[in-house]
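Survey of secondary and tertiary structure
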Amino acid sequence: MSDETVIAPGGGRRFIGKYRIDGVLGEGAMGVVYAGQDPDIDRPVAIKTIHQNLIGTADSQDWLDRFAREARAAGRVLHPNLVTIFEFLQQDGRPYLVMERIRSVTLEDRRASPDPFPLEEIHALMGQILAGLACIHAAGIVHRDLKPANVMLTDDGTVKLTDFGIARLTAMEATGAGMVGTPSYMAPEQLTGREVDARADIYACGVMLYELLTGRKPYRGGGVEALFEVVRNGKVTPPSEVKPELSAEIDRVVLTAMSVDPDNRFESADAMRAALEAVLPTADRTGLIEVAARPRRAAGSGSFSATMLERINEQTLGKVAQHLTKSIGPMGSIIARRAAASASNADEMVAAVLEEFDDPAERAEMRRLMERVLAGNGETSLPGAHGLPPDAVARITDLLKPHLGPIASVLVRKQASSAATPAALAETVAESITDTTERAAFLRAVDAVLR
């Protein structure tokens, strides 16, 4: 699926504002990035917009106004390790960000290469990421969605961060989903819906550093369930237990960045950068390696190789999103669209979705459902909550949210599939409330509404 651009009267050229559109650079769960040209100074630009269906709400103008304020604030921040934002504009009720267009691959692309990451390269990568973060943090901006896909690697070895400053105004807020960010990189306070500050970005850096050092995510499976588990116990396998050649000093840097308590993390991006400087070797150049990234869509005169997002119809995508939402909560629709945007065929889309599931039985069930939907075999639905009354499940969820935040709906939905009674469900989810007084109050409240 592609968003329509504006066609200039009397001609076949497409324009957004004054910018000529030459093609599509990419498309994801949130929106489209166009290849454009600034006619005034003959400069190539990238133009990013949000999918129309994600901003078509009753309060969309208020949301657009806030988007504009955030985007303009981000545009005032200039640094070699940040993608420069040139202009913000609105056209026909849709926001557009005009930004620097660079030849690059992403850190996500680099991770797909079979080549391992030398420690010198990790040092160069993380040092530049943290330098860019220090700049936006000094301007009062929190990225909120720092992840490998938002880290650009240019031909000359420069790292540039993108999508900073506007993450909290993305579609998940506009549609009321409650959580903004990518689950695998979200700090515990972000995952549970609490207010976040710059230390949430430090946490995301810790997760990325862990991946670069070990080749795997710090939590088994990397899905919502695994992340919620770390909120409860904070246990992370030290990198040196995965790669014995790594030092205890490196472990300390990673685990400090990934501390569950924000107060125990590095106080700033500069502090984490200094800590890495002391434990990782430095290359005599940028340390970045020329890599053959995974196949990328080719930009041309508006055409590029199709992804599942472009080939799948909205009804089928809606069925996939519905199943995911029933299983893992409001992130489901975002994950469905993101998986479709990154996949070139149905098998790849299924594999991308299944990364969010840790439980083998749940993975198998979701695979079965997705394969049936994608094969066009008609409506399917997830198994019910074993006969539990829907209103009882809803009430338990509502009572749990003040204690756990938005993740409560995910937890209740998962546990309801194996609970014999509403009371048993309440007892099970109550174990997630660490404070004994709050846990007792929750169980009393549940008992009162279930009578």
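Everything numeric in this text was worked out from a predicted model, so none of it was measured.

Conventions used here
- Residues numbered from 1 in each chain as written.
- Predicted model: local features only at pLDDT ≥ 70, side-chain atom pairs only at ≥ 80, totals over all residues.
- Heavy atoms only, no water.
- Buried < 20%, exposed > 50% of the residue type's maximum accessible area, 1.4 Å probe, protein only.
- Helix = DSSP H or I, 4+ residues; strand = E, 2+ residues; numbered from the N terminus.
- Pairing = 2+ DSSP bridges.
- Polar contact = N/O pair within 3.5 Å; in protein donor to acceptor, adjacent residues only side chain to side chain.
- Contact = heavy atoms within 4.5 Å.
- Axes fitted to C-alpha atoms, helices over the stretch in contact; angles between N-to-C directions.
- Core = buried A, V, L, I, M, F, W, Y, C linked by side-chain atoms within 4.5 Å.
- Domains from an automatic or database assignment.
- pLDDT = per-residue confidence, 0-100.
- Phe/Tyr/Trp six-rings, centres within 6.5 Å; stacked < 30°, edge-to-face > 60°.
- Lys NZ or Arg CZ within 6 Å of the ring centre and 35° of its normal.

Moving on, we come to the pairing of strand S9 (residues 151-154). Judged by which residues are buried, S9 turns out to be covered on both faces: Val151 and Leu153 on one side and Met152 and Thr154 on the other are all buried. With three bridges connecting them, S9 and strand S10 (residues 159-161) associate as antiparallel partners. Bridge pairing in S10 links leucine 153 to valine 159. Counting the residues in the hairpin turn of S9 and S10 gives four residues, including glycine 157, whose phi is positive at 90°.

Counting buried residues along strand S7 (residues 94-100), seven of its seven residues qualify, which places the element largely inside the surrounding structure. Across five bridges, the pairing between strand S5 (residues 43-50) and S7 is antiparallel. Note on S7: the bridge partner recorded for alanine 46 is methionine 99. Bridging between strand S6 (residues 85-91) and S7 involves six bridges; their strand directions are antiparallel. When the sheet's bridge partners are listed, glutamate 87 is paired in S7 with valine 98.

Take threonine 214: it is sitting in helix H6 (residues 198-214). Judged by its relative accessible area of 6%, threonine 214 falls in the buried class. At a separation of 2.8 Å, a polar atom in the side chain of threonine 214 contacts the main-chain carbonyl oxygen of tyrosine 210. At 3.1 Å, the side chain of threonine 214 and the backbone oxygen of arginine 216 are in polar contact. Threonine 214 has contacts with Pro239, Val242 and Lys243, leaving out every residue within four places of it along the chain.

Moving on, we come to the sheet that holds S9. The antiparallel open sheet is built from three strands, whose spatial order is S8-S9-S10. In the strand order of this sheet, the two ends are held by strand S8 (104-106) and S10, each with one partner. Averaged over all neighbouring strand pairs, the angle between strand axes comes to 35°, with direction disregarded. Helix H3 (residues 119-138) rests against S9 and S10 of the sheet, and its axis sits at about 35° to S10.

Formed by 61 residues in total, the largest nonpolar core has its most connected members in Leu107, Ile129, Leu133, Leu146, Val151 and Leu209. Looking at which element gives the most residues to this core, the answer is H6, with eleven residues. Counting the residues that make up this core, at least three belong to each of domain 1 (1-101) and domain 2 (103-291). When residues no more than four places from it in sequence are discounted, the contact partners of leucine 146 are Ile129, Leu133, Val151, Leu161, Tyr185, Asp201, Ala204, Cys205 and Met208.

Mean pLDDT over the protein stands at 77; residues scoring 70 or higher make up 77%. When the elements of the protein are averaged for pLDDT, helix H4 (residues 171-174) gives the smallest value, 38, and helix H9 (residues 248-257) the largest, 97. Here residues 1-12 scores under 50 on pLDDT; set against residues more than four positions off or in separate chains, the count is 29 contacts. Contacts for the low-pLDDT stretch residues 377-386, under 50 throughout, to residues beyond four places or in other chains number 23 contacts.

So, on to the packing of aromatic side chains. Tallied over the full model, the rule gives zero aromatic pairs. Arginine 43 extends its terminal NZ or CZ atom over the ring of phenylalanine 86, reaching a point 3.7 Å from the ring centre.

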